[in-house]
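# Coordinate inspection notes
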Amino acid sequence: MKILLLGSGELGKEFTISAQRIGQIVIAVDSYENAPAMQVAHDFEVINMLDGEALDRIVAKHQPDFIVPEIEAIRTERFYDYEKQGITVVPSAKAANFTMNRKAIRDLAAKELGLKTAKYRYATTAEELRKGVEAVGMPCVVKPLMSSSGKGQSTIKTEADIEKAWNYAVEGSRGDVVEVIVEAFVKFNSEITLLTVVQNNNPTLFCAPIGHRQERGDYQESWQPALISDKDLYKAQDMAEKVTEALGGAGLFGVEFFLADDGVYFSELSPRPHDTGMVTLAGTQNFNEFELHLRAILSLPIFEITLEKAGASAVILASENSTNPTYSGIEKIAALPKTDFRIFGKPTSRPYRRMGVALVNDSLDTPIEEVVEKARKAASLVTLNS
């Protein structure tokens, strides 16, 4: 099968490696040359994926069997036409189109499916944002409708924060949609990602829940399994199954939830492997998230997903701008027991850009806090040099 991968970052790279292992052909697409997935794909294209005509051109050129989006900034309305041409859009044109925009997925979850979410409003101007803040109350969180890895996300605590939050959200927005969502702050105890695997001809499966810690709206560490009550887990699984069923198609979805004293809140959804799910590269499961996504796409039956080990991932971040980053300290990680790492191979760096990840695993009876701390310390051993 031929797969057109739209977005070629670290998640796309691991997906491509999984596809290569079972003989699939991958064409990696991104807006810059030498993106991580391009380094391991059969072929690549460099285009602006918000340019619908450029997107049409490469689809016509490569005639893929599957189109697999990895990022948000894509002219997703074109996907409906590709499906009519007989190309499988992963998970589906509807899923990709809805989840690339926070407005569509939030309205689907809250209004159509009745899932419990934070109180929210939308705004297309700073003045509308001000009114939205009045409606949901402070503190509240502002996010662009289209963004990733926490870009443009901030917290409003006082009246003085509103204009700054608006400007930051617009700067961090991807695509040509100038609109934000403002959400009431949920007093949650923890947040989880529930990797949900939707199969074409077999039951929907769930990975063990993944916990994570964020800074600047981007994850810093993730761990599996996350601590969660059976009651909350069943509720999260029920919500995840409802929203993924409504979106249609097959593949792995990263469904995010807040766990609060008054129950489980639906937060967001990604129709693809999730950054927090990189913890599965530590060998925590019988299949990592990229293998699960691929198998579901190809209609290869997945009998079960088993939790094999406790694990944690911690990001390796850049601290400065560089056009040729190099790394020191990798040998220190390599010397640690039950520890591994990935260097993504991004050709440039900037402050806080995710450049790699440290991975740690241990037995399931090991306190998860210990595993997370080991991953955090391992990641700190690596230094980027310009």
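Each remark here, short or long, concerns the structure printed above.
Below or above, wherever it landed, is the structure these notes cover. Computed from a predicted model, the values in this text were never measured in an experiment. (Residues numbered from 1 in each chain as written. Predicted model: local features only at pLDDT ≥ 70, side-chain atom pairs only at ≥ 80, totals over all residues. Heavy atoms only, no water.)

## Some remarks on the overall build of the chain
Here is the rule: Under the DSSP-based scheme used, a helix requires at least four consecutive residues in state H or I and a strand at least two consecutive residues in state E, with every element numbered from the N terminus. Between the two quantities, the radius of gyration covers C-alpha atoms and the globule rule is 2.2 Å times the number of residues to the power 0.38. The buried label applies to any residue whose accessible area, calculated with a 1.4 Å probe on protein chains only, is under 20% of its type's maximum; exposed applies above 50%, and partly exposed to all values in between. Between two residues, a contact is recorded if the distance between any of their heavy atoms is within 4.5 Å.
For the chain, the helix and strand inventory stands at 11 helices and 20 strands. Taking 386 residues into account, the globule formula puts the C-alpha radius of gyration at 21 Å, and the chain, at 20 Å, falls close to it. Seen through its C-alpha atoms, the chain measures out along the principal axes to roughly 50 × 50 × 45 Å. When burial is assessed residue by residue, the chain has 57% of its 386 residues classed as buried. Put simply, of all contacts in the chain between residues at least 6 apart along the chain, 62% involve residues at least 24 apart.

## Concerning the sheet that holds strand S8 (residues 154-156)
So the rule is basically this: At least two DSSP bridges between two strands are needed for those strands to be called paired. Think of each axis as a best-fit line through the C-alpha atoms, taken over the contacting stretch in the case of a helix, with angles from 0 to 180 degrees between the N-to-C directions.
Strand order across the open sheet formed by 4 strands is S6-S9-S7-S8, with antiparallel pairing between neighbours. Either end of the sheet is taken by a strand with one partner, and the two such strands are strand S6 (120-123) and S8. Here the strands of the sheet are splayed against their neighbours by 30 degrees on average, with no regard to which way each runs. Across the sheet, helix H7 (residues 161-172) touches S6, strand S7 (140-144), S8 and strand S9 (180-184), and the angle it forms with S8 is around 160 degrees.

## Looking at the packing of aromatic side chains
Defined as follows: Centres within 6.5 Å are what make two rings of Phe, Tyr or Trp a pair, Trp counting through its six-membered ring; a difference in plane orientation under 30 degrees is then read as stacked, over 60 as edge-to-face, and the rest as tilted.
Summed over all chains, the structure comprises 5 aromatic pairs. With a centroid separation of 5.5 Å and an interplanar angle of 65 degrees, the aromatic rings of Tyr120 and Tyr122 are classed as edge-to-face. Look at Tyr120 and you get buried, because its relative accessible area is 11%. Geometrically, the ring pair formed by Phe257 and Phe266 is edge-to-face, given 6.2 Å between the ring centres and 80 degrees between the ring planes. Members of the aromatic cluster, connected to one another through ring pairs, are Phe185, Phe188 and Phe258.

## Some details on the pairing of strand S12 (residues 210-215)
With 2 bridges joining them, strand S10 (residues 188-198) and S12 adopt antiparallel strand pairing. Opposite Ile192, over in S12, you have Gly211 as the bridge partner. Relative to strand S13 (residues 218-224), S12 runs antiparallel, the two sharing 5 bridges. Its bridge partner lying in S13, Gly211 is registered against Trp223.

## Focus on the sheet that holds strand S2 (residues 25-30)
Strand order in the open sheet made by the 5 strands is S3-S2-S1-S4-S5, with parallel pairing throughout. A single partner strand is all that each edge strand has here, and the edge strands are strand S3 (43-46) and strand S5 (88-89). Direction of pairing for strand S1 (residues 2-6) relative to strand S4 (residues 66-69): parallel, over a ladder of 4 bridges. Paired with Leu5 across the two strands is Val68, which belongs to S4. Here helix H1 (residues 10-21) sits on the sheet in contact with S1, S2 and S4, set at roughly 175 degrees to S1.

## So, the side chain of Asp362
Note the following rule: N or O atoms within 3.5 Å of each other form a polar contact, as long as, within protein, one can give a hydrogen and the other can take it, and as long as residues adjacent in sequence are counted only when both atoms are side-chain atoms.
Within the secondary structure, Asp362 is located in strand S19 (residues 354-362). Taking the relative accessible area as the measure of exposure, Asp362 reaches 10% and is therefore buried. Within the structure, Asp362 has its side chain in polar contact with the side chain of Thr366 (distance 3.3 Å). Among the polar contacts listed, one links the side chain of Asp362 to the side chain of Lys374, at a separation of 3.4 Å. With near-sequence residues (within four places) excluded, Asp362 lies in contact with Lys309, Ala310, Lys338, Val371 and Lys374.

## Points about the pattern of salt bridges
Convention followed: Here a salt bridge means any side-chain nitrogen of Lys or Arg lying within 4 Å of a carboxyl oxygen belonging to Asp or Glu.
Following the criterion strictly, the structure yields 26 salt bridges and no others. For Arg75, the salt bridge is made with Glu77, and the minimal N-O distance between the two is 3.5 Å. Since its relative accessible area comes to 18%, Arg75 is described here as buried. As a salt-bridge pair, Lys374 and Asp362 come within 3.4 Å of each other at their nearest N and O atoms. Taken together, the residues Lys374 in helix H11 (residues 368-379) and Asp362 in strand S19 connect sequence positions 12 residues apart. Counted as one network, the salt bridges with shared partners bring together Glu10, Asp218, Asp275, Lys346 and Arg354.

## Thoughts on the packing of H1 against helix H9 (residues 289-297)
Here is the rule: Convention used here: angles under 35 degrees read as roughly parallel, angles over 145 as roughly antiparallel, angles from 65 to 115 as roughly perpendicular, and any remaining angle as oblique. For any pair of crossing helices, the crossing counts as left-handed if the nearer helix is rotated counterclockwise from the farther one by less than a right angle, and right-handed if it is rotated clockwise. Each residue is assigned to one class: nonpolar for Ala, Val, Leu, Ile, Met, Phe, Trp, Tyr, Cys and Pro, charged for Asp, Glu, Lys and Arg, and polar for all the others, Gly among them.
At their nearest, the axes of H1 and H9 sit 9 Å apart, and the two run at 60 degrees to each other. In terms of orientation, H1 lies oblique with respect to H9. Crossing handedness for the pair H1 and H9: right-handed. Along the contact surface, H1 presents Leu11, Glu14, Phe15, Ser18, Ala19 and Arg21, while H9 presents Glu289, Phe290, Glu291, His293, Leu294 and Ile297. When grouped by side-chain class, the residues that make up the contact of H1 with H9 number 6 nonpolar, 2 polar and 4 charged.

## Some words on H9
Taken across its 9 residues, H9 has 7 buried, putting it largely inside the fold. Looking at the buried positions of H9, the neighbouring elements they touch are S1, H1, S4, S10 and strand S14 (251-260). A distance of 2.9 Å separates the backbone nitrogen of Phe290 from a side-chain oxygen at the start of H9, and that oxygen is part of Asn288. One or two positions beyond H9, positive phi appears at Ser299, with a value near 60 degrees.

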